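# Close look at the chain arrangement
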Amino acid sequence: MQLIEQAKIREAVLMILEAIGEDPEREGLKDTPDRVARMYAEIFSGLAEDAGVYLECVFTEEHEEMIVVKDIPFYSTCEHHLVPFIGKAHVAYIPAGGKVTGLSKLARVVESIARRPQLQERLTREIADVIMKKLNPQGVAVVVEAEHLCMSMRGIKKPGSKTVTSAVRGLFRKSAKTRAEFLSLIKT
């Protein structure tokens, strides 16, 4: 984020503290606006990134079988309440033409897309779409499981409840057998 945006965030935090009846000058809150501005710059850093750049690093390898990276931890922020949702993503693709990417690159895609005000459904779809577009594989599958603090700490107050979303492209959409193999692999 640019400095001017951080200044706007600091000002907004001051107004929020005053609106809830707090004294922004008290010792524990004096530096809070600056801390929040720096935190927002970090947790929303995905807004300034093209997640596809991570998939520009490819290797030629004669492998056209499923590649799965599961249990990729992430945190994101619900765009409806600006409260975190935290979970894990499972990502699979089937390379085409011997075009594979580094395993860590898939985790970087998840992280980049999660670091935006987000909806879990969009997060799941965007991960699949970026991989499909950049690697042009035979297929992509993504499953995201997350706990939404907007459901856990407010509203219905159901901590521990998880939301699961999926997105399938290419061969994973066309073949129930391929999709079932992916699902069995992420359950182990």
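Residues numbered from 1 in each chain as written. Predicted model: local features only at pLDDT ≥ 70, side-chain atom pairs only at ≥ 80, totals over all residues. Heavy atoms only, no water.

### Observations concerning the overall build of the protein
Summing up its helical and strand segments, the protein has 7 helices and 7 strands in all. Taken from the N to the C terminus, the helices and strands of the protein come in the order α-α-β-β-β-β-α-β-α-β-α-β-α-α. Surface summary for the protein: the accessible area is close to 10,700 Å², and the carbon and sulfur share equals 54%. Of note, the protein has its 27 positive side-chain charges centred 6 Å away from the centre of its 26 negative side-chain charges. (Helix = DSSP H or I, 4+ residues; strand = E, 2+ residues; numbered from the N terminus. Areas by Shrake-Rupley, 256 points an atom, 1.4 Å probe, with all protein chains shown as cover. Lys, Arg positive; Asp, Glu negative; His and termini not counted. Charge placed at Lys NZ, Arg CZ, Asp CG, Glu CD.)

### With respect to the UniProt feature "domain: GTP cyclohydrolase I" (unreviewed entry) in the protein
Residues annotated by UniProt as "domain: GTP cyclohydrolase I" (unreviewed entry) correspond here to residues 9-186. The distance from the first to the last C-alpha atom of residues 9-186 is 40 Å, and the span holds 39% helix and 28% strand. (UniProt positions renumbered as here; feature names shortened; annotations may be inferred.)

### Considering the domain arrangement of the protein
Segmenting the protein into domains produces domain 1 (6-43) and domain 2 (56-187). Computed from C-alpha atoms alone, the centre-to-centre distance between domain 1 and domain 2 is 33 Å. (Domains from an automatic or database assignment.)

### Section: the sheet that holds strand β6 (residues 139-148)
Strand order across the open sheet formed by 5 strands is β5-β2-β3-β6-β7, with mixed pairing between neighbours. Each edge of the open sheet carries a strand with a single partner, namely β5 (117-118) and β7 (163-170). Direction of pairing for strand β3 (residues 84-94) relative to β6: antiparallel, over a ladder of 10 bridges. In the sheet register, Gly87 faces β6, and the bridge partner there is Ala146. Contacting β2 (67-78), β3 and β5, helix α3 (residues 103-114) crosses the sheet at an angle of about 20° to β2. (Pairing = 2+ DSSP bridges. Contact = heavy atoms within 4.5 Å. Axes fitted to C-alpha atoms, helices over the stretch in contact; angles between N-to-C directions.)

### A few points about the UniProt feature "binding site: Zn(2+)" (unreviewed entry) in the protein
In the UniProt entry, the feature "binding site: Zn(2+)" (unreviewed entry) is given for Cys78, His81 and Cys150. On the basis of their most widely separated C-alpha atoms, the annotated residues across 73 residues gather in one place, lying no more than 7.7 Å apart. Apart from residues no more than four positions distant in its own chain, His81 is found in contact with Cys150 and Arg154. Locating Cys150 in the fold gives a position in helix α5 (residues 149-152). Those residues in contact with Cys150 that sit more than four places away from it in its chain are Cys78, His81, Val83, Pro84 and Gly155.

### Topic: the pairing of β6
Residues in a regular strand point their side chains to alternate faces of the sheet. Counting buried positions over the 10 residues of β6 gives 8, a clear majority of the element. By the bridge criterion, 8 bridges tie β6 to β7 in an arrangement that is antiparallel. Across the sheet, residue Val140 finds its bridge partner in β7, namely Arg169. (Buried < 20%, exposed > 50% of the residue type's maximum accessible area, 1.4 Å probe, protein only.)

### What about the side chain of His90?
Relative to the assigned elements, His90 resides in strand β3. In terms of polar contacts, His90 uses its side chain to reach the backbone amide nitrogen of Asp71, at 3.1 Å. Not counting chain neighbours up to four residues away, the residues in contact with His90 comprise Val69, Lys70, Asp71, Ala141, Val142, Val143, Glu145, Phe182 and Ile186. (Polar contact = N/O pair within 3.5 Å; in protein donor to acceptor, adjacent residues only side chain to side chain.)

### Looking at α3
Helix length check: α3, at 12 residues, gives a terminal C-alpha distance of 18 Å against a target of 16 Å (1.5 Å per residue), a fit within 8%. Turning to α3, its buried residues are Leu106, Val109, Val110, Ser112, Ile113 and Ala114. For α3, the elements touching its buried residues are β2, β3, β4 (99-101), β5 and α4 (120-135). (Expected span 1.5 Å × (residues − 1).)

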